[in-house]
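# Structure at a glance
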Amino acid sequence: MTTLISSKAALAAALLAAAVATPAHAQRPARPSAAATPVAANPAYDPRLFSDPNATSPRFKALRWRNVGPFRGGRVVAVAGDPVKQFVAYFGAVNGGVWKTTNGGQTWGNLTDGKTDISSVGAIAVAQSDPNVIYVGTGEAQLREDLTYGTGMYRSTDAGQSWQQIGLGDTHQIATVRIDPKDPDRVFVAAMGHAFGPNAERGVFRTTDGGKNWKKVLFLNDSTGAIDLSMDPANPRILYAAMWKFQRTPWGMNSGGGRSGLWKTIDGGETWKELTF
């Protein structure tokens, strides 16, 4: 019995000595270095993130799309945000007018019911230099089997509280509106024109006085309209226009061909060069 007690005492003494001899910091797990922390917090950009479902970051997998309304007006092809107020946005329905949210989409209010004849909306743009200035191009741009046409261009200078009709009434289908980032009165419009037949009020239009006067700066023929328009944010004199030949018929649609293609201007619309080869 004495021998067993002596052995246990010797073992305990050895373990105690080892614990005392070992530095305290060696018992704690090593902390990551400061240099390694940013790499873990900010991984390298993966270009597949939004195109390959299998490569999606775990941070986004928990996010889910939800319908924030409203629940009338049909499809939406025109959306624009306030460049200053991050929770303010506008959208236009193809048969429901213009709507606005001031709380990031939690609630929406209609801006055009009972105030104008705006119904079908194809394009919305908010002036970067003055967010109170909003332009709306009417007539949906997604030309499909069922569509509604518009009544031209509209402008608001009080963030959508009131509207003025500013011309281009016979364009019928307006696809895009681009505003000079430094001048809210200088605006370009891409118009498709009549969907069911030829007409001359189509192509790219420009105003330099807020819509009081318009100039047709790009016109190919009476059956080819402008379906999209892009402005260089660093140089608003540079624009690209996508021209599209289209006609809706009672039994189908004729799309493409003819003078369809891409055009560019470097002098604010005075001259254009075709880029399609």
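Cut-offs used in this document
Residues numbered from 1 in each chain as written. Predicted model: local features only at pLDDT ≥ 70, side-chain atom pairs only at ≥ 80, totals over all residues. Heavy atoms only, no water. Salt bridge = Lys/Arg side-chain N within 4 Å of Asp/Glu carboxyl O. Helix = DSSP H or I, 4+ residues; strand = E, 2+ residues; numbered from the N terminus. Core = buried A, V, L, I, M, F, W, Y, C linked by side-chain atoms within 4.5 Å. Buried < 20%, exposed > 50% of the residue type's maximum accessible area, 1.4 Å probe, protein only. Contact = heavy atoms within 4.5 Å. pLDDT = per-residue confidence, 0-100. Pairing = 2+ DSSP bridges.

Attention now moves to the pattern of salt bridges. Enumeration over the complete set of coordinates arrives at seven salt bridges. The partner of Lys-215 in a salt bridge is Glu-270, and the shortest N-O contact between them spans 3.7 Å. You can see Lys-215 sitting in strand β12 (residues 215-218) and its partner Glu-270 sitting in the loop between β16 (261-265) and β17 (273-274), a full 55 residues away along the chain. Salt bridges sharing partners connect three or more residues here, namely Arg-75, Glu-140 and Asp-146.

Time to look at the nonpolar core. Residues Tyr-135, Met-153, Ile-174, Val-177, Ile-179, Val-189 and Trp-214 are the most contacted members of the largest nonpolar core, which totals 16 residues. With sequence-adjacent residues up to four places away left out, Val-189 is seen in contact with Met-153, Leu-168, Ile-174, Thr-176, Val-177, Gly-203, Val-204, Phe-205, Trp-214 and Leu-229. With 15 residues, the next largest nonpolar core counts Val-88, Tyr-90, Ala-159 and Trp-163 among its residues.

For the protein chain, the average pLDDT comes to 85, and 79% of its residues sit at 70 or higher. Contacts for the low-pLDDT stretch residues 18-26, under 50 throughout, to residues beyond four places or in other chains number one contact. Low pLDDT, under 50, characterises residues 34-40; the predicted model gives this stretch zero contacts beyond four residues in sequence or across chains.

Read from one edge to the other, the open sheet built from four strands follows the order β5-β6-β7-β8, with strand pairing classed as antiparallel. The strands lining the two open edges of the sheet, one partner per strand, are β5 (121-126) and β8 (164-165). As defined by bridge partners, strand β6 (residues 134-138) adjoins strand β7 (residues 153-156) across four bridges and the pair is classed as antiparallel. Each residue of the ladder has a partner; that of Gly-137, found in β7, is Met-153.

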